[in-house]
Amino acid sequence: MIARFPGRRFAGRVARHAILILTAAFALLPFVWMVSLSLKPPEEIFQADFHLWPTAFHGVENYRVALTAAPMFRFLLNGLLVCTAIFALQLLVCIPCAYALAKLRFRGRDTLFSAVLVGLLLPPQALAIPHFVMLNVFGLLDTYAALILPWAISTFGIFLLRQFFRSIPDEIIRAARLDGLGEFEIIWRIMIPMTAPALTAFGIFSVVAHWNDLFWPLIAVRREEISTPALGILLFRDDEAGQFFGPLMAGAVIIVAPLLVAFLIAQRRFIDGLAVTTMR
Amino acid sequence: MGVRSRPYGLAAMAEIELRHIEKSYGETAVVKGVSLSIRDGEFLTLVGPSGCGKSTLLRIIAGLEEQDDGEVMVDGRCVNDKRPKERDVAMVFQSYALYPHLNVFDNLALPLRTRRLSFAQRLPFVGRALPGRGGIEKTIRAEVEQAASMLDIAHLLHRKPGQLSGGQRQRVALGRAMVRHPAVFLMDEPLSNLDAKLRVQMRAEIIALHRRLGVTFVYVTHDQAEAMTMSDRVAVMTAGELLQVGQPEQLYRDPQDLRVAEMIGSPKINVVSCDHWISLGASLPPGVDGNTTHLAFRPEAVGIAAPGDRRLNGVVASVENLGADIFLNVALADGCGTVVVRTHPDGSRSEPGRPVGLQIDPACLLQFDSAGMRQRQAEQVGAAG
């Protein structure tokens, strides 16, 4: 393409990028601040003048405290376990549900889908007390199960995957039936590979939400051994508020890092998944 | 027609009989009491305008769709409660419906794998390690390669469907259907996504494939030219009803119903109502019966003559020269419609605007009543007189 107004085009691009950079900076600022604080000694944190890079480098001490004062690796491991289990259960429930809602014809399907939409409207906090009571009845409070089971069914996941499954042509499913695939095999061999970007996107939503979740673990769990990272980080604050800002921030950095790495790895697929959603 | 030898693989006999098939979606009746028998080894085409229920009928034969009433019989056995995979049919879809995440080889191998490997051998991850799988995979590979070389796609086995052209995808879809030697091939508008040139080429290839396999083909299309050129017999459907079944030339020369006459043949058959005929001052041909409301004649049954008193007269509106034939569109007076006339290029040239008379061969005149039904007796009287 030949630009008719090269000057104007260039100015437009500069303006576009300026806006994008500004927004990105705005979003990144808390992270930068977090990293900066995690490297500073306690005195400097409360100083009036602000340096991005600490005048006295205290990073080693802060990170040592963060890693030793609390069982940080244990928290990370718990986080990994809980998030993996939640996501696995969600897939186990969502994929067949979404397939049935998208591609099978049965009486009451639309009513069921409306029920899913209603479920989407409910804030998870509203269900906290019923969940708490139920877990108490089954004697599951303060266990891994208490962290995992309430999230096993994701209405958001059912909704998202149903939309994706609907975009797969019926003829492919008919062809698969004629080729001798059963319904579960159609899901496994056709639907899942064809909607991999959507599943990745859903995975990121799910893992980020539950890795960072503080509300529910705070209610369901008291033991340190099964605390998730977000809950574990509270230990720093609880002890002597204020004094431990450096290690607290160091802990926060350690907790955020795995998510960032995972996102960077899955970034391409995540964006593909979202792009497909917007196209429909 | 009739039973052909089956050189490629061993397919079962398959006569299909549909008995009073009914299907509706909600309030709309899509298929209305269709009965049809399809002979073993026959190439039968279901033709009709879009939305006439022909694809639904095909899916009912495949078992992908359940009819509300009626029976589907294959070789005298009712298959109503058999699932698609148990019916020994294969289908080629309009969109080809290839699996986009699998390469051509795996697309072709899938129907064989689902049939030959046991449940355990098909399990993800574990299945590969199970005994016996290697041997089965080997024979599958050989059969896929044989089918692929028959269709001239052997060099594409490692590509994904997204990397293929329309014609290549079409071949892969055919390959996936034939690789497991079904007794019946069902094709749902398989050529409508191809460009005109490729369509003609694939038409010939599908006919050749039918000859080679010798199994029953049921082919759905809205294109009467495909129906006429490819089929042993054609079944014409409109609005869920089966109007007529017959050999292509029979449908062309001897249609039961005005809608069949209008659907088959290109350019379309000329239809002039008796009222127009009279109002234009032409005398009705001999033998036209009181029930007859419409007279129809093919473009080749009309000749151009000088305008005359007792015949249909009009003015040449446009001329279409196709090389071998020239079609004249003759506008009848008073807005009574147009008549298409086929003329020979060697004959006298007609320019638009020239007044002409139409000379219609009375033996080729078809009479229809107000419901569109053919009036045969009246025609016989007319031919005799």
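Residues numbered from 1 in each chain as written. Chains lettered and ligands numbered in written order. Predicted model: local features only at pLDDT ≥ 70, side-chain atom pairs only at ≥ 80, totals over all residues. Heavy atoms only, no water.

Draft legend 1. Layout of the overall build of chain A. In terms of helices and strands, chain A carries 15 helices and 0 strands. Relative to a compact globule of 280 residues, whose C-alpha radius of gyration would be 19 Å, chain A shows 24 Å and is clearly more extended. Along the longest, intermediate and shortest principal axes, the C-alpha atoms of chain A span 70 × 70 × 30 Å. By the burial criterion, 40% of the 280 residues in chain A qualify as buried. Taking contacts inside chain A between residues at least 6 apart in sequence as the whole, the part at least 24 apart equals 73%. Just so you have it, chain A exposes about 16300 Å², and 71% of that area is on carbon and sulfur atoms. Each charge class in chain A can be summarised by its mean position, and for the 23 positive and 18 negative side chains these summaries are 16 Å apart. (Helix = DSSP H or I, 4+ residues; strand = E, 2+ residues; numbered from the N terminus. Rg over C-alpha atoms; globule rule 2.2 N^0.38 Å. Buried < 20%, exposed > 50% of the residue type's maximum accessible area, 1.4 Å probe, protein only. Contact = heavy atoms within 4.5 Å. Areas by Shrake-Rupley, 256 points an atom, 1.4 Å probe, with all protein chains shown as cover. Lys, Arg positive; Asp, Glu negative; His and termini not counted. Charge placed at Lys NZ, Arg CZ, Asp CG, Glu CD.)

Draft legend 2. Layout of the overall build of chain B. For chain B, the helix and strand inventory stands at 12 helices and 18 strands. Each principal axis of the C-alpha atoms in chain B carries an extent, and together these give about 90 × 45 × 40 Å. Taking all 385 residues of chain B together, the buried fraction comes to 51%. Across chain B, every contact between residues at least 6 apart in sequence was considered, and the portion connecting residues at least 24 apart equals 67%. With the model as given, the accessible surface of chain B reaches about 17300 Å², and the carbon-plus-sulfur share is 50%.

Draft legend 3. Just the interface of chain A and chain B, in detail. Counting from both sides, the interface comprises 17 residues of chain A and, opposite them, 28 residues of chain B. Approximately 1900 Å² of surface area, both sides summed, lies buried where chain A meets chain B, with 60% of it carried by carbon and sulfur atoms. When the buried surface of chain A facing chain B is broken down by residue, E171, L178 and D179 of chain A rank first, second and third, together holding 36% of it. Our count for the chain A to chain B interface comes out at 2 salt bridges. In this structure, D179 of chain A and R176 of chain B form a salt bridge, with 3.9 Å as the shortest nitrogen-oxygen distance. (Buried area = accessible area lost by both parts, 1.4 Å probe. Salt bridge = Lys/Arg side-chain N within 4 Å of Asp/Glu carboxyl O.)

Draft legend 4. Representation of the UniProt feature "transmembrane region" (unreviewed entry) in chain A in the model. All names here are of chain A. The sites that carry the UniProt feature "transmembrane region" (unreviewed entry) are, in the present numbering, residues 14–33, 75–101, 113–138, 144–165, 186–208 and 244–266. In residues 144–165, helix accounts for 73% and strand for 0%; the two terminal C-alpha atoms are 32 Å from one another. In residues 186–208, the share of helix is 96% and the share of strand is 0%. The end C-alpha atoms are 29 Å apart. (UniProt positions renumbered as here; feature names shortened; annotations may be inferred.)

Draft legend 5. Inspection of helix α5 (residues 109–121) of chain A at higher detail. Residue and element names in this part refer to chain A. Spanning 13 residues, α5 covers 19 Å between terminal C-alpha atoms, matching the ideal 18 Å at 1.5 Å per step. Among the residues of α5, F113, V116 and G119 are the ones counted as buried. For α5, the angular spread of buried residues about the axis comes to 105°, placing them on one side. For α5, the exposed residues lying more than 90 degrees away from the buried face are D110, T111, V118 and L121. On the buried face of α5, the contacting elements are α4 (72–103) and α8 (155–166). (Expected span 1.5 Å × (residues − 1). Arc of directions from axis to C-beta.)

Draft legend 6. A look at the pattern of salt bridges. Residue and element names in this part refer to chain B. Per the stated rule, a full pass over the model turns up 23 salt bridges over all chains. In this structure, the salt-bridge partner of E143 is R116, at a minimum N-O distance of 2.8 Å. Of the two residues, E143 sits in helix α5 (residues 133–150) while R116 sits in helix α2 (residues 104–116), which places them 27 residues apart along the sequence. Three or more residues joined by partner-sharing salt bridges are found here, namely D106, R113, R133 and E137.

Draft legend 7. Quick look at the domain arrangement of chain A. Residues and elements named next belong to chain A. What the domain assignment reports for chain A is domain 1 (6–63) and domain 2 (65–279). Computed over C-alpha atoms, the centres of domain 1 and domain 2 are 31 Å apart. At the boundary of domain 1 with domain 2, total buried surface from both sides reaches about 990 Å², with 76% on carbon and sulfur atoms. Taken as a group, M34, N62 and Y63 account for 54% of the area that domain 1 buries against domain 2, more than any other trio of residues on that side. (Domains from an automatic or database assignment.)

Draft legend 8. Structural detail: the packing of aromatic side chains. According to the stated counting rule, one finds 8 aromatic pairs over all chains in the structure shown. Relative to F217 of chain B, the ring of F185 of chain B lies with its centre 4.7 Å away and its plane at 10°, an arrangement referred to as stacked. Placement of F185 of chain B in strand β7 (residues 184–188) and of F217 of chain B in strand β8 (residues 216–221) is noted, with a sequence separation of 32 residues between them. When its relative accessible area of 0% is taken as the criterion, F217 of chain B is described as buried. Here the aromatic rings of W277 of chain B and F297 of chain B are separated by 6.4 Å at their centres, their planes lie at 90°, and the arrangement is edge-to-face. Remark: F297 of chain B occurs in strand β12 (residues 292–297) and W277 of chain B occurs in helix α11 (residues 274–279); sequence separation between them is 20 residues. Ring pairing ties together the aromatic residues F87, F156, F202 and F205 of chain A, which thus form one cluster. It is R162 of chain A that lies over the ring of F113 of chain A; its NZ or CZ is 3.6 Å from the centre. When the ring centre of F105 of chain B is taken as origin, the NZ or CZ atom of R141 of chain B, which lies over that ring, is 4.2 Å away. (Phe/Tyr/Trp six-rings, centres within 6.5 Å; stacked < 30°, edge-to-face > 60°. Lys NZ or Arg CZ within 6 Å of the ring centre and 35° of its normal.)

Draft legend 9. View of the pairing of strand β14 (residues 312–321) of chain B. All names here are of chain B. One ladder, built from 4 bridges, connects β14 with strand β17 (residues 355–360); its direction is antiparallel. Within the sheet, the bridge partner assigned to L312 lies in β17 and is L358. Bridge count between β14 and strand β15 (residues 326–332): 7 bridges; the pairing is antiparallel. Paired with V316 across the bridge in β15 is V330. (Pairing = 2+ DSSP bridges.)

Draft legend 10. Quick look at the sheet that holds β8 of chain B. Residue and element names in this part refer to chain B. One open sheet holds the 6 strands; their spatial order is β6-β7-β8-β3-β9-β10, and the pairing between them is mixed. Taken across any chain shown, the strands that pair with only one partner, and hence form the sheet edges, are β6 (89–92) and β10 (241–246). Shown here is a sheet whose adjacent strand axes are inclined to one another by a mean of 20°, direction ignored. The pairing of strand β3 (residues 43–47) with β8 spans 5 bridges and is classified as parallel. Bridge pairing links F43 to F217 in β8. Across the sheet, helix α1 (residues 54–62) touches β3, β6, β7, β8 and β9 (233–238), and the angle it forms with β7 is around 150°. (Axes fitted to C-alpha atoms, helices over the stretch in contact; angles between N-to-C directions.)

Draft legend 11. Looking closely at the sheet that holds β12 of chain B. All names here are of chain B. Taken in spatial order, the 3 strands of this open sheet run β11-β12-β18, and their pairing is antiparallel. This sheet does not close on itself; its edge strands, each paired only once, are β11 (270–273) and β18 (366–369). Along the sheet, successive strands turn relative to each other by an average axial angle of 30°, direction set aside. Looking at chain direction, β12 and β18 are connected through 4 bridges and run antiparallel. Looking across to β18, one finds that L295 is bridged to Q367.

Draft legend 12. Local environment of the state of the cysteines. This model, assessed by the stated rule, comprises 0 disulfides over all chains. No disulfide involves C274 of chain B; its sulfur sits 13 Å from the nearest other cysteine sulfur, which is in C336 of chain B. (Disulfide = S-S within 2.5 Å.)

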